[in-house]
Amino acid sequence: MTSSAGMHPDLIPGYDSDALAHLPELLNEPLFWLGHLYSCVQSEEAEELLFGADYDAAEDFHRQISGRADWPTFTVPVTAGRLHIVYRNLAEDAGTDYLLHHPDWDRAELLARDDGHFMGPGLSWPELTAAADNGLAGGSTTDPHSRLLLLLPAFGDAALPAGAAGRLAAALRARTAVEDPEQLAAALMEGQGPCGPTYWTTNRDGQRTNDGRYSFRNPTNGFALPADRLARVTTALAP
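### Notes on the pattern of salt bridges
Then, in step 1: Scanning all chains against the criterion turns up 15 salt bridges.
Then, in step 2: The residue R167 makes a salt bridge to D133 at a minimum N-O spacing of 2.7 Å. One end of the pair, R167, is in helix α6 (residues 164–175); the other, D133, is in helix α4 (residues 125–133), and 34 residues separate them in sequence.
Then, in step 3: Among the residues examined, D133 registers a relative accessible area of 44% and is labelled partly exposed.
Then, in step 4: Taken together, the shared-partner salt bridges connect R88, D93, D97, R113 and D115 into one network.

### Quick look at the confidence of the model for the chain
Then, in step 1: Mean pLDDT over the chain stands at 92; residues scoring 70 or higher make up 96%.
Then, in step 2: The low-confidence segment residues 1–8, where pLDDT is below 50, has 19 contacts with residues more than four positions distant or belonging to other chains.

### As for the layout of surface pockets
Then, in step 1: Reported here for the largest pocket is a volume of approximately 460 Å³.
Then, in step 2: Lining the largest pocket are 22 residues, with G35, H36, Y38, S39 and H62 positioned closest to its centre.
Then, in step 3: If you list the elements that add at least two residues to the lining of the largest pocket, you get α1 (30–36), α3 (55–66), β3 (81–88) and β4 (95–101).
Then, in step 4: With five residues, the top contributor of residues to the lining of the largest pocket is α3.
Then, in step 5: When its residues are assigned to classes, the lining of the largest pocket shows nine nonpolar, nine polar and four charged.

### Things to note about the packing of aromatic side chains
Then, in step 1: Under the counting rule described, the total for this entry stands at nine aromatic pairs.
Then, in step 2: Centroid distance F74 to Y87: 6.3 Å. Interplanar angle 80°. Geometry classified as edge-to-face. With a gap of 13 residues between them, F74 in strand β2 (residues 71–78) and Y87 in strand β3 connect regions that are remote in the sequence.
Then, in step 3: Accessibility expressed as a relative area gives 5% for Y87, which makes it buried.
Then, in step 4: Through a chain of ring-to-ring contacts, the aromatic side chains of F32, W33, F74 and Y87 assemble into a single cluster.

### Notes on the side chain of S17
Then, in step 1: Of note, S17 is situated in the segment before β1 (20–22).
Then, in step 2: Among the polar contacts made by the side chain of S17, one reaches the main-chain amide nitrogen of A19 at a distance of 3.1 Å.
Then, in step 3: Sequence-distant contacts of S17, that is, excluding residues within four places in its chain, are made with L11 and W71.

### Focus on the sheet that holds β2
Then, in step 1: Strand order in the open sheet formed by five strands is β1-β2-β3-β4-β5, with mixed pairing between adjacent strands. Here the strands that pair on one side only, and so sit at the sheet edges, are β1 and β5 (109–114). For this sheet the average axis-to-axis angle between neighbouring strands, irrespective of direction, equals 30°.
Then, in step 2: Looking at chain direction, β4 and β5 are connected through five bridges and run antiparallel. Paired with T96 across the two strands is D114, which belongs to β5.

### Section: empty space enclosed by the protein
Then, in step 1: Per the counting criterion, the structure on display carries two cavities of 30 Å³ or more.
Then, in step 2: In this model, the largest cavity occupies a volume close to 90 Å³.
Then, in step 3: The wall of the largest cavity is formed by 13 residues, among which C40, L152, F155, Q192 and G193 lie closest to the centre.
Then, in step 4: When its volume is computed, the second largest cavity comes out at roughly 30 Å³.
Then, in step 5: For the second largest cavity, the full set of lining residues is V78, T79, E127, A130, A131, N134, A236, L237 and A238.

### Topic: the environment of F118
Then, in step 1: The topology assignment puts F118 in the loop between β5 and α4.
Then, in step 2: Spatially, the C-alpha atoms of F118 and A171 are 24 Å apart, while their sequence positions differ by 53 residues.
Then, in step 3: Beyond its immediate chain neighbours, meaning those up to four positions away, F118 contacts R113, P153, P194, C195 and Y214.

Cut-off values and rules
Residues numbered from 1 in each chain as written. Predicted model: local features only at pLDDT ≥ 70, side-chain atom pairs only at ≥ 80, totals over all residues. Heavy atoms only, no water. Salt bridge = Lys/Arg side-chain N within 4 Å of Asp/Glu carboxyl O. Helix = DSSP H or I, 4+ residues; strand = E, 2+ residues; numbered from the N terminus. Buried < 20%, exposed > 50% of the residue type's maximum accessible area, 1.4 Å probe, protein only. pLDDT = per-residue confidence, 0-100. Contact = heavy atoms within 4.5 Å. 1 Å grid on protein atoms, 1.4 Å probe; cavity = no way out; pocket = protein on both sides within 12 Å on 5 of 7 lines; lining within 4 Å. Points joined across faces, edges and corners; volume = space filled by probe spheres on them. Nonpolar A, V, L, I, M, F, W, Y, C, P; charged D, E, K, R; others polar. Phe/Tyr/Trp six-rings, centres within 6.5 Å; stacked < 30°, edge-to-face > 60°. Polar contact = N/O pair within 3.5 Å; in protein donor to acceptor, adjacent residues only side chain to side chain. Pairing = 2+ DSSP bridges. Axes fitted to C-alpha atoms, helices over the stretch in contact; angles between N-to-C directions.

Below, the structure written as structure tokens:
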């Protein structure tokens, strides 16, 4: 795996790392997606559907990524700002961070952490699909399938539209080599990662929040984002 010359991403304000490496070429590797989506798996059936006969190859590929000195980083432009997906390659604290930043903000907002102490969800289904489909340039890819899968581990939503599983199946079919994308998509939509489905509401101040016990966007949690920062996240991610 090689870096894309000249594509080192800007530093993310408030995020302490100078090891960010823009590696959009990883998105063309089917094995990349198996490791990336692993935390979304919540049953043995889903695990088998995801990995199939590629478990060892996927594990080896993920080991190569996590063993890098730099931190593979991807970006997805949104209505107002950019989502950053960062593979945090720390020996004792590895994981994937999902952050949102706008040029006018002094710091990026951490929306979700995909690691042994998962925090999230950070995105509702409408926010996820809006980011996947907006077609805005300036990120790691404009491909809606890649964007959907990149952001999927940060998503959780109990109110899914009828076509959600079909939409995910199309992305899996396009970007991975799984044998049964429809069945896998149904399993992933049912489990929805470590936190499971959460309920989203819009409060009287227009803030989009959820009831997830590990979510930065649940104002009842002691670690939640303050009201003003919840509001700016809502505005930036507005479908």
